[in-house]
Amino acid sequence: MIQVENLTKTFTTRKSSKQVVGGISFTANDGEVFGLLGPNGAGKTTTLRTIATLLQPTSGSVLVDGLDVVAHSRAVRYRIGFLTGEMKLTGQLTGREMLEFFGNLDHMETARIQQRIGQLALDLDMERFLDTPIAKLSSGMSQKVSLAISLLHEPHVIIFDEPTSNLDVLAVKIVSDFIRRAKEEGKCVVLSTHILSEAERLCDRIGILYEGRLLCEGPVDTVLAEHEARDLEQLFFQLVQQQKVPLC
Ligand SMILES: Nc1ncnc2c1ncn2[C@@H]1O[C@H](COP(=O)(O)OP(=O)(O)OP(=O)(O)O)[C@@H](O)[C@H]1O
Ligand SMILES: [Mg+2]
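Residues numbered from 1 in each chain as written. Chains lettered and ligands numbered in written order. Predicted model: local features only at pLDDT ≥ 70, side-chain atom pairs only at ≥ 80, totals over all residues.

Draft legend 1. Molecular detail of the site of ligand 1. Ligand 1 sits among Phe11, Lys18, Val20, Gly38, Asn40, Gly41, Ala42, Gly43, Lys44, Thr45 and Thr46. Going through the elements one at a time, strand S2 (17–28) and helix H1 (44–51) are the ones with two or more residues in the shell around ligand 1. Sorting elements by how many residues they give to the shell around ligand 1 places H1 first, with three residues. (Near = placed C-beta within 6 Å. Helix = DSSP H or I, 4+ residues; strand = E, 2+ residues; numbered from the N terminus.)

Draft legend 2. Geometry of the sheet that holds strand S9 (residues 205–210). An order of S6-S7-S8-S3-S9-S10 is seen for the six strands of this open sheet, with the pairing classed as mixed. Of all strands in the sheet, those bounded by a partner on one side alone are strand S6 (80–83) and strand S10 (213–219). The sheet shows a mean angle of 10° between the axes of neighbouring strands, direction not considered. Looking at chain direction, S6 and strand S7 (residues 157–161) are connected through four bridges and run parallel. From the neighbouring strand, Ile80 faces S7, where its bridge partner is Val157. Contacts from helix H9 (residues 232–244) reach strand S3 (32–37), S9 and S10 within the one sheet, and its direction differs from that of S9 by about 30°. (Pairing = 2+ DSSP bridges. Axes fitted to C-alpha atoms, helices over the stretch in contact; angles between N-to-C directions. Contact = placed C-beta atoms within 7 Å.)

Draft legend 3. Representation of the pairing of S7 within the structure. Buried residues dominate S7, accounting for five of its five residues. Here S7 shows two buried faces, one formed by Val157, Ile159 and Asp161 and the other by Ile158 and Phe160. With five bridges connecting them, S7 and strand S8 (residues 188–192) associate as parallel partners. Its bridge partner lying in S8, Asp161 is registered against Ser192. (Buried ≥ 20, exposed ≤ 12 C-beta atoms within 10 Å, placed from the backbone.)

Draft legend 4. Representation of helix H6 (residues 169–184) in the model. Over its 16 residues, H6 extends 22 Å from the first C-alpha to the last, a length consistent with the 22 Å expected when each residue adds 1.5 Å. Burial in H6 covers these residues: Val175, Phe178, Ile179 and Ala182. Down the axis of H6, the buried side of the element spans an arc of 100°, and every buried residue falls inside it. Structural note: H6 exposes Val169, Leu170, Asp177, Arg181 and Glu184 on the side pointing more than 90 degrees away from its buried face. Contacts from the buried residues of H6 go to S3, helix H4 (110–123), helix H5 (139–151), S7, S8 and helix H7 (196–202). Where H6 terminates, the next one or two residues include Gly186, which has phi positive at roughly 90°. (Expected span 1.5 Å × (residues − 1). Arc of directions from axis to C-beta.)

Any link to function would need more than the numbers given here.
This is the structure we're talking about:
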């Protein structure tokens, strides 16, 4: 479970200071998929990086399974699997070697690493290219290796920043099915995506983020009914358009 309470994040340089997350609150429950939606620059990645302990909140709090991400960052890292588009893999190591490397880094037992590699290769349909150097993989294949790395330690909380970017329709289905299974196993999944139809299919709850503020948050059916929108696309345009209308 993830509890975000009044979270703000301000990036400060010597010359300027910019608040990119402006006091947001939401809860992502176990056994549910929470989707963070919003246009480019809305603050989605910043929020997810804060939950994943890679950034510290400026104010407010984030709890992962009851653990504060600042005070208990190490314990939180054990519980989460984090995938972000910013971590591009490359080099001569194969997917299998990368997974073994990260498993050892996490002090996982060798037998467990091998068991997890076998399972993830099957789940994510990676067997064909697991022994090919990463540099020779297509971007979709290397995205799958990144996904597998984030899931190797079998995290309870899964944080995916645009997990399906670069993937073809077949691979999108594999990842979507994986997310559904994770949810059925009682895991807590938070993802960001630009693909609203994907969010509608996958998410139990959503939050629409715009310029660092949540314009709406809640179960998909409830937010659609509240705003009399037929689908997430209509809701998204409706809410974003309202923000652009100048106040008289
Ligand atoms: N390390 C940083 N230092 C300064 N500003 C930053 C930093 N990281 C992000 N920003 C700014 O914060 C704002 C939000 O960025 P963020 O990456 O969170 O958006 P996003 O919603 O993930 O966008 P996208 O859909 O393009 O991935 C942007 O204006 C960005 O320029
Ligand atoms: Mg982003």
